[in-house]
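Observations on chain architecture
Each chain, letter by letter, is given below.
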Amino acid sequence: MRIRILILGLIGLLVLAACSGDDEATTTLPEDGSATATSLASGGDSSAIGSADSPDSTEPEDTTTTTTEEAMLPEYDIAHRSPGDNGDLLVVVLEGVGDGVSDHDLEQVILDVVDTFGPVAEAHIIDDASVLDLVLADPADLSDAQRADLDAHYLLKLVDGTSVSFQGPFQDIPGYEIGS
């Protein structure tokens with residue numbers, strides 16, 4: 001019986017010794033939105049990473065560095081909201097997209113709008129508030145000049161709460177269903 005207790009005690013000590021390595025992990029998040037992670041393996045010498053004081057500084061071979069860029073959602077404003085039986089009708093105006101916006105940006109905005117302001121039955125994304133009335137007007141009532149102005153600033157349309165279609169400058173990009 002004593003031998004069993006002694007063996008169990010030794011196994012416990014071995015497990016404890018194996019789990020108490022000198023692993024270190026550092027994570028640095030610079031202001032530019034990228035993330036860098038460095039990890040030293042057990043027994044690694046953190047002084048081997050080098051510093052400004054050490055002339056022959058080298059990085060250990062088992063260092064891993066990962067950099068990721070965080071995608072920024074374009075800023076937007078809900079310029080119009082009216083309730084409906086199956087959800088609201090929203091007109092979303094993108095702000096500060098003078099440098100341009102991508103179809104991926106538009107997809108992220110519509111997902112954020114649906115998640116934040118749901119239930120949404122219909123939504124229209126534009127990049128200029130001056131065409132707000134044109135989006136809400138009956139297309140048959142618009143002049144050719146008004147249609148051209150609307151086409152230049154109308155970017156995306158959501159209908160039936162899930163069906164997305166790209167408009168204006170993005171009209172060649174195929175639409176899709178949210179959730180599929």
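Residues numbered from 1 in each chain as written. Predicted model: local features only at pLDDT ≥ 70, side-chain atom pairs only at ≥ 80, totals over all residues. Heavy atoms only, no water.

1. A word on the overall build of the chain
Within the chain one finds four helices and eight strands. When the elements of the chain are put in sequence order from the N terminus, they spell out α-β-β-β-β-α-β-α-α-β-β-β. The burial tally for the chain puts 23% of its 180 residues in the buried class. Across the chain, contacts joining residues at least 24 apart in sequence account for 50% of those joining residues at least 6 apart. (Helix = DSSP H or I, 4+ residues; strand = E, 2+ residues; numbered from the N terminus. Buried < 20%, exposed > 50% of the residue type's maximum accessible area, 1.4 Å probe, protein only. Contact = heavy atoms within 4.5 Å.)

2. As for the sheet that holds strand S8 (residues 176-177)
Ordered by their spatial adjacency, six strands build an open sheet running S3-S4-S5-S6-S7-S8, and the pairing between neighbours is mixed. Both edges of this open sheet fall to strand S3 (76-82) and S8, since each of them pairs with a single strand only. For strand S5 (residues 120-126) and strand S6 (residues 154-159), the ladder comprises four bridges, and the chain directions are antiparallel. Within the sheet, the bridge partner assigned to Ala123 lies in S6 and is Leu158. (Pairing = 2+ DSSP bridges.)

3. Structural notes on the layout of surface pockets
Over the atoms rolls a probe the size of a water molecule, and its path tells where empty space is left. Its boundaries defined by the atoms lining it, the largest pocket holds a volume of some 220 Å³. Taken together, 15 residues make up the lining of the largest pocket; nearest its centre are Val135, Pro139, Leu150, Tyr154 and Lys157. Looking at the lining of the largest pocket, the elements with two or more residues in it are S5, helix H3 (132-136), helix H4 (144-153) and S6. Looking at the lining of the largest pocket, the element that brings in the most residues is H4, giving three residues. For the lining of the largest pocket, a count of residues per class yields seven nonpolar, four polar and four charged. (1 Å grid on protein atoms, 1.4 Å probe; cavity = no way out; pocket = protein on both sides within 12 Å on 5 of 7 lines; lining within 4 Å. Points joined across faces, edges and corners; volume = space filled by probe spheres on them. Nonpolar A, V, L, I, M, F, W, Y, C, P; charged D, E, K, R; others polar.)

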